[in-house]
Amino acid sequence: MRFESPIYFLKQHKNAGIYIKRDDKIPFSFGGNKVRIAAELIADMKKRGFDSVISYGSPGSNMNRAVAHMAMQHGIPCTVIIKKDADGESKIPLNERFVISSGAKVMYCSGQNVRETVEEAIALEKDAGRKPYYIYGNSFGQGNRTALMMASFKEYGEIMRWARENAVLFNHIFLAAGTGATISGLTAGERTEITVNGYSPQMCPAIHGISVARTAEREREVILDNLYSFNPAVMSPETDGFDICDSYLCGGYGLYDDNIIECIERMLFEYALPLDPTYTGKAFYGMEKEIEKNNYSGNCLFIHTGGYPLFLDIAESQPK
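Quick look at the structure, then. What you are looking at is a predicted structure, and each value in this text was computed from that prediction instead of being measured.

Rules used in this analysis
- For every chain, the first residue of the written sequence is number 1, and numbering continues from 1 along that sequence.
- This being a predicted model, a pLDDT of at least 70 is required before a residue's local features are given, and a value of 80 or more before pairs of side-chain atoms are given or counted; all residues contribute to the totals for chains, interfaces and linings.
- Hydrogen atoms and water are omitted, and side-chain values are computed over all heavy atoms in the structure.
- Any two strands with at least two DSSP-identified bridges between them are counted as paired.
- Only DSSP runs of H or I reaching four residues or more are called helices, and only runs of E reaching two or more are called strands; each is numbered from the N terminus.
- Between N-to-C directions, angles cover 0 to 180 degrees, with each direction set by a line fitted to C-alpha atoms, over the stretch in contact for helices.
- When checking whether two residues touch, look at their non-hydrogen atoms; a contact exists if any pair is within 4.5 Å.
- Pairing of aromatic rings covers Phe, Tyr and the six-membered ring of Trp, with a centre-to-centre limit of 6.5 Å; geometry is then stacked below 30 degrees between planes, edge-to-face above 60, and tilted otherwise.
- When accessible area is computed with a 1.4 Å probe and restricted to protein chains, residues below 20% of their type maximum are described as buried, those above 50% as exposed, and intermediate ones as partly exposed.
- For crossovers, right-handed means that the path from the first strand over the helix to the second runs clockwise, given strands pointing away from the viewer.
- Take a side-chain nitrogen of Lys or Arg and a carboxyl oxygen of Asp or Glu: if they are within 4 Å of each other, that pair is a salt bridge.
- Given a helix with a known number of residues, its expected span is that number minus one, times 1.5 Å.
- The definition of a polar contact used here is a pair of N or O atoms within 3.5 Å, where within protein one atom must be able to donate a hydrogen and the other to accept one, and adjacent residues in sequence count solely through side-chain atom pairs.

Turning to the sheet that holds strand β5 (residues 105-109), a few remarks are in order. Strand order in the open sheet formed by four strands is β5-β4-β3-β6, with parallel pairing between adjacent strands. The open sheet has two free edges, formed respectively by β5 and β6 (132-134), since each of these has just one partner strand. Each neighbouring strand pair of the sheet contributes to a mean axis angle of 20°, computed without reference to strand direction. Pairing of strand β4 (residues 78-83) with β5, which is carried by five bridges, proceeds in the parallel orientation. Following the sheet pairing, I82 is matched in β5 by Y108. Those strands touched by helix α4 (residues 114-127) are β3 (52-57), β4, β5 and β6, and its axis lies near 155° from that of β5.

On to the packing of aromatic side chains, then. Going through the model one piece at a time under the given rule, you end up with 13 aromatic pairs. Where Y248 meets Y285, the ring centres are 5.8 Å apart and the plane angle is 90°; that geometry is what we call edge-to-face. One end of the pair, Y248, is in the loop between β9 (242-245) and α8 (258-271); the other, Y285, is in helix α9 (residues 280-294), and 37 residues separate them in sequence. For Y248, a relative accessible area of 10% puts it in the buried group. According to the relative accessible area criterion, Y285 is buried, its value standing at 13%. A network of ring pairs unites the aromatic residues F9, Y19, W162 and F170 as a single cluster.

With that settled, consider the sheet that holds β9. Read across the open sheet, the six strands follow the order β1-β2-β10-β7-β8-β9; overall the sheet is mixed. Of all the strands in the sheet, the pair left with one neighbour each is β1 (7-13) and β9. Taken pair by pair, the neighbouring strands of this sheet meet at an average axis angle of 25°, ignoring direction.

We now examine the pairing of β3. Extensive coverage of β3 is indicated by the burial of six of its six residues. The alternating pattern of β3 places S52, I54 and Y56 on one face and V53, S55 and G57 on the opposite face, and all of these are buried. Pairing of β3 with β6 involves three bridges; the strand directions are parallel. Bridge pairing in β6 places S52 opposite P132. Remark: the β3/helix α2 (residues 62-74)/β4 crossover connection has right-handed handedness.

Applying the stated criterion across every chain, the model contains 23 salt bridges. In this structure, R48 and D44 form a salt bridge, with 3.0 Å as the shortest nitrogen-oxygen distance. Given the relative accessible area of 42%, R48 is considered partly exposed. The partner of E119 in a salt bridge is R115, and the shortest N-O contact between them spans 3.2 Å.

So, on to α2. In a regular helix each residue adds 1.5 Å, so 13 residues correspond to 18 Å; α2 covers 18 Å between its end C-alpha atoms and thus fits that length. The element α2 is extensively covered by neighbouring structure, given that ten of its 13 residues are classed as buried. Among all positions in α2, only N62, M63, N64, R65, A66, V67, A68, H69, M70 and A71 are buried. Residues of α2 that are buried in the fold lie against α1 (33-47), β3, β4, α3 (94-101), α5 (145-165) and α10 (308-317). At the N-terminal end of α2, a side-chain oxygen is found 3.2 Å from the backbone nitrogen of M63, two or three residues along, and the residue is S61. Once α2 ends, the next one or two residues include G75, with phi positive near 70°.

Right, let's get into unusual backbone geometry. One non-glycine residue with positive phi stands out, namely S29, at about 50°. Among the structural elements, S29 can be located in the loop between β2 (16-22) and α1. Overall, S29 belongs to the buried group, its relative accessible area being 11%. The phi dihedral of N295 falls on the positive side, at around 55°, and the residue is not glycine.

If you want it as structure tokens, here you go:
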């Protein structure tokens, strides 16, 4: 299955032309960059001799959904750990419902016992005679960065190939930055173009992550750690190749305000573009504001990282 996604010009915003890369159009499990990542994880799992997979995330996790569906397609036993808030959820998000319907074994935890639940899931798989593959490495979430970054590392090459074939110079790339895996892989791709393949830094777009979960300082630490783990040789002493903006967090992961909802509604009605308030809507709104604030010009590429079920969740909850 091919996971390349279309790129096209979307609109002009102030002095910048905005192009969009529609990972949400990937034809599997409602699309999104998590489908790319899930495919890399399953390939890595098989290569390393594991025979079952364990995923972890929030009730609305796109990763959990993509991993569960990828495991279902490949006939791989799958356990999905879902972190529930202490007060529970008034309504089950679509992504959680898709995980349940996939046939994956579902375990729930709180924010206080994530590690213990991961270790329990691993132990249960071993007791069943299987060799489990936890997508984030060990129970502390360490040790699997390369597989998590590989999808967007490859996607950077896809972007640059499209740009060359279509004679478009991208000056900036914008995307939502959550766990940091996707922006880390893109940055590793950019650093490889410059430090290994000898491309001029001026030919490579600046990469801007709109943080949707963490402070810029914390997100930056995670990304730099990812990059050095992936390949220390790709790092440049002059620049890290990315920046993180946390001005649009609205208080944290999954939180949003009226400005983001207005942006989602505007893009839906003007361009038939589905965005969600957790990732893409927050990032698209942040991109527009950063273009205005910094007077960016040239061509900006927005990577639509997917999350269609999250769009449906918010669309259903809005007043008629």
